[in-house]
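Residues per chain are reported as follows:
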Amino acid sequence: MSLNNTPSAERIHIAFFGRRNAGKSSVVNAVTGQNLAIVSEVLGTTTDPVSKAMELLPLGPVVIIDTPGIDDEGELGTLRVKRSYQVLNKTDVAVLVVDSAVGITGEDEALLERILQKAVPYCIVYNKNDTAKILPKGDNEISVSARTGDGIYELKELIARLAKTEEKEKHIVSHLLDKDDIVVLVVPIDESAPKGRLILPQQQTIRDIIDCHCISVVTQPEELPQTLSSLAKKPKMVITDSQAFARVSRDVPEDILLTSFSILFANYKGNLRLAVEGVKAIDRLCDGDTVLISEGCTHHRQCGDIGTVKLPRLLEKYTGKKLSYKWTSGTEFALGLSKLSLVIHCGGCMLSEREMKYRLKCAEDEGVPITNYGTAIAYMNGILQRSTLVFPEIAALIGG
């Protein structure tokens, strides 16, 4: 996969924070070598977080985020500061830009406290060292001038070192396979499928299978029996879109592993155990309870949409209860979760692991059970244990 095609969720997210006119946007432009952020002497020029997917040497594919000033004022200013703080939820490396002539302020200290709470790797950049000078006190502090370029190369090297502490080897499915294994992927093409392409988790799973020198076979649910019978070698695994779980389970012999894209991505994002624990809350739902169905991406919802149509229909058929629903999508995530009885989240393919874990923590802190699409659908179809056998330690939690 080329750097230009690397999904944003798989890129290192580097966010720049600071007070208004600390030179934050100028530092962003100096680091990226582009006029990514608007620069002005007018306070509060950056009014919303600005994100740009790009290649940044020596790191590679990254997302650079320029945020509004953390000292903004007034009603709108307060909302902008809140947006800046929210960016921390998806930040892999935080860069705090400080005006050397001013030094660390109360707003800077408050942000640093939040950064430490969230365990985000960070550095402090003392900008405008051509007009005032503050000597760095630690390994994660540096003095630069965005205007002259002094220290910018060293800053990029520092950011790269901090990002390296976040790196870890992750796989969607290849760690469960041996060379030359056959994997059958079941991809429904219905009214809710995008025209002319596969969705991101399907693309990424296929690529992961190919990268480990295994064989990927893609078919639709209607052709699955014929596909399985035409293979000379038994496949190691069948991976299905969650909405086809019931039908695919009937067609796949018990001696072939079965799971879904959503379950694989729950494990990939580090939250499958929590999803399995949370799904049991479905049995405790009562008439009038509110369920939040949340997606990490934004798309035009069509008839037969899984989040707004199929999941609610399945929930009410399974529980026999009349439920209320809320929906969120994209970067929006509900506040006041304590009023909810359950959160059902998508697989999170468009969200970074850090942001996905933040959402899980929000639910956990509010005492609200959270699960995901694939886990919930498998559970309500009575096949959750079978669909998690690819992860034996998780399947053992479910029992018979």
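In what follows, the structure referred to is the one given above.
A short tour of the structure in this document, coming up.

Conventions and cut-offs
- Residues numbered from 1 in each chain as written.
- Predicted model: local features only at pLDDT ≥ 70, side-chain atom pairs only at ≥ 80, totals over all residues.
- Heavy atoms only, no water.
- Helix = DSSP H or I, 4+ residues; strand = E, 2+ residues; numbered from the N terminus.
- Buried < 20%, exposed > 50% of the residue type's maximum accessible area, 1.4 Å probe, protein only.
- Contact = heavy atoms within 4.5 Å.
- Areas by Shrake-Rupley, 256 points an atom, 1.4 Å probe, with all protein chains shown as cover.
- Expected span 1.5 Å × (residues − 1).
- Phe/Tyr/Trp six-rings, centres within 6.5 Å; stacked < 30°, edge-to-face > 60°.
- Core = buried A, V, L, I, M, F, W, Y, C linked by side-chain atoms within 4.5 Å.
- Polar contact = N/O pair within 3.5 Å; in protein donor to acceptor, adjacent residues only side chain to side chain.
- Pairing = 2+ DSSP bridges.
- Axes fitted to C-alpha atoms, helices over the stretch in contact; angles between N-to-C directions.
- 1 Å grid on protein atoms, 1.4 Å probe; cavity = no way out; pocket = protein on both sides within 12 Å on 5 of 7 lines; lining within 4 Å.
- Points joined across faces, edges and corners; volume = space filled by probe spheres on them.
- Nonpolar A, V, L, I, M, F, W, Y, C, P; charged D, E, K, R; others polar.

## Let's talk about the overall build of the chain
Assigned secondary structure in the chain consists of 14 helices and 14 strands. By the burial criterion, 53% of the 400 residues in the chain qualify as buried. For the chain, the share of sequence-separated contacts (at least 6 apart) that also reach a separation of at least 24 residues comes to 70%. As displayed, the chain has an accessible area near 18,400 Å², and 50% of this comes from carbon and sulfur atoms.

## Some points on helix 5 (residues 200-211)
Given a rise of 1.5 Å per residue, 12 residues ought to cover 16 Å, and the 16 Å separating the end C-alpha atoms of helix 5 matches this to within 8%. Here helix 5 has its buried residues at L200, P201, Q202, Q204, T205, I206, D208 and I209. Turning to helix 5, the residues buried within the fold contact strand 7 (182-186), strand 8 (215-219), strand 9 (237-240) and helix 8 (261-268). With its phi angle positive at about 60°, H213 sits one or two positions after the end of helix 5.

## Focus on unusual backbone geometry
The phi dihedral of A119 falls on the positive side, at around 55°, and the residue is not glycine. Even without being glycine, H213 reaches a positive phi, approximately 60°. Here H213 is to be found in the loop between helix 5 and strand 8. Taking relative accessible area as the criterion, H213 reaches 56% and is therefore assigned exposed.

## Topic: the environment of I142
Within the secondary structure layout, I142 lies in strand 6 (residues 141-143). On the basis of relative accessibility, which here comes to 11%, the residue I142 falls in the buried class. Along the chain, I142 and E154 lie 12 residues apart, while their C-alpha atoms are 8.1 Å from each other.

## Side note on the packing of aromatic side chains
This model, assessed by the stated rule, comprises three aromatic pairs. Plain terms: the ring middles of F265 and Y268 are 5.6 Å apart, the flat faces sit at 80° to each other, and that makes the pair edge-to-face. Here the residue F265 and the residue Y268 both occupy positions in helix 8, the gap between them amounting to three residues, near one helical turn. Taking relative accessible area as the criterion, F265 reaches 1% and is therefore assigned buried.

## Focus on the nonpolar core
Residues V173, V238, V291 and L315 are the most contacted members of the largest nonpolar core, which totals 58 residues. No other element matches the six residues that helix 8 contributes to this core. With 27 residues, the next largest nonpolar core counts V27, V62, V97 and I142 among its residues.

## Notes on the side chain of H345
Among the structural elements, H345 can be located in strand 13 (residues 342-345). Classification of H345 as buried rests on a relative accessible area of 1%. Reaching out from H345, the side chain makes a polar contact with the side chain of R359 at a distance of 3.0 Å.

## Description of the sheet that holds strand 12 (residues 324-328)
Reading across from one edge, 12-11-13-14 is the order of the four strands in this open sheet, with parallel pairing throughout. For this open sheet the edge positions go to strand 12 and strand 14 (370-372), each flanked by a neighbour on one side alone. Strand after strand, the sheet turns through a mean of 25° between neighbouring axes, direction not considered. Two strands pair when backbone bridges link them, and strand 11 (residues 290-294) and strand 13 are joined in this way by four bridges, in the parallel orientation. Bridge assignment links V291 to a residue of strand 13, and that residue is L342. Contacting strand 11, strand 13 and strand 14, helix 11 (residues 353-365) runs over the sheet at an angle of about 140° to strand 14.

## Focus: empty space enclosed by the protein
Evaluation of the coordinates by the stated rule reveals one cavity of 30 Å³ or more. Elements with a minimum of two residues in the lining of the largest cavity: helix 9 (272-278), helix 11 and strand 14. Looking at the lining of the largest cavity element by element, the count peaks at three residues for strand 14. Tallied by class, the residues present in the lining of the largest cavity amount to five nonpolar, four polar and no charged.

## Overview of the sheet that holds strand 3 (residues 60-66)
If you trace the six strands from one edge of the open sheet to the other, you get 2-3-1-4-5-6, paired in mixed fashion. Either end of the sheet is taken by a strand with one partner, and the two such strands are strand 2 (50-56) and strand 6. Going across the sheet, the axis of each strand differs from the next one's by a mean of 25°, ignoring polarity. Pairing geometry for strand 1 (residues 12-18) and strand 4 (residues 93-99), over five bridges, is parallel. For F16, the partnering residue across the bridge sits in strand 4 and is V95. Packed on one face of the sheet, helix 1 (residues 24-32) meets strand 1, strand 2, strand 3, strand 4 and strand 5 (122-127) and runs near 145° to strand 1. Relative to the sheet, helix 4 (residues 152-164) contacts strand 1, strand 2, strand 4, strand 5 and strand 6, its axis offset from that of strand 5 by approximately 170°.

## A closer look at the pairing of strand 11
Within a regular strand, side chains alternate between the sheet's two faces. A large share of strand 11 lies buried, amounting to five of its five residues. Of the two faces of strand 11, the one holding T290, L292 and S294 and the one holding V291 and I293 are both buried throughout.

## A look at helix 12 (residues 373-380)
Counting buried residues along helix 12, seven of its eight residues qualify, which places the element largely inside the surrounding structure. G382 sits one or two positions beyond helix 12 and adopts a positive phi of about 70°.

## Thoughts on the side chain of N271
Inspection of the secondary structure puts N271 in the loop between helix 8 and helix 9. Filtering out sequence-adjacent residues up to four positions away, N271 remains in contact with F265, A266, M356 and L360.

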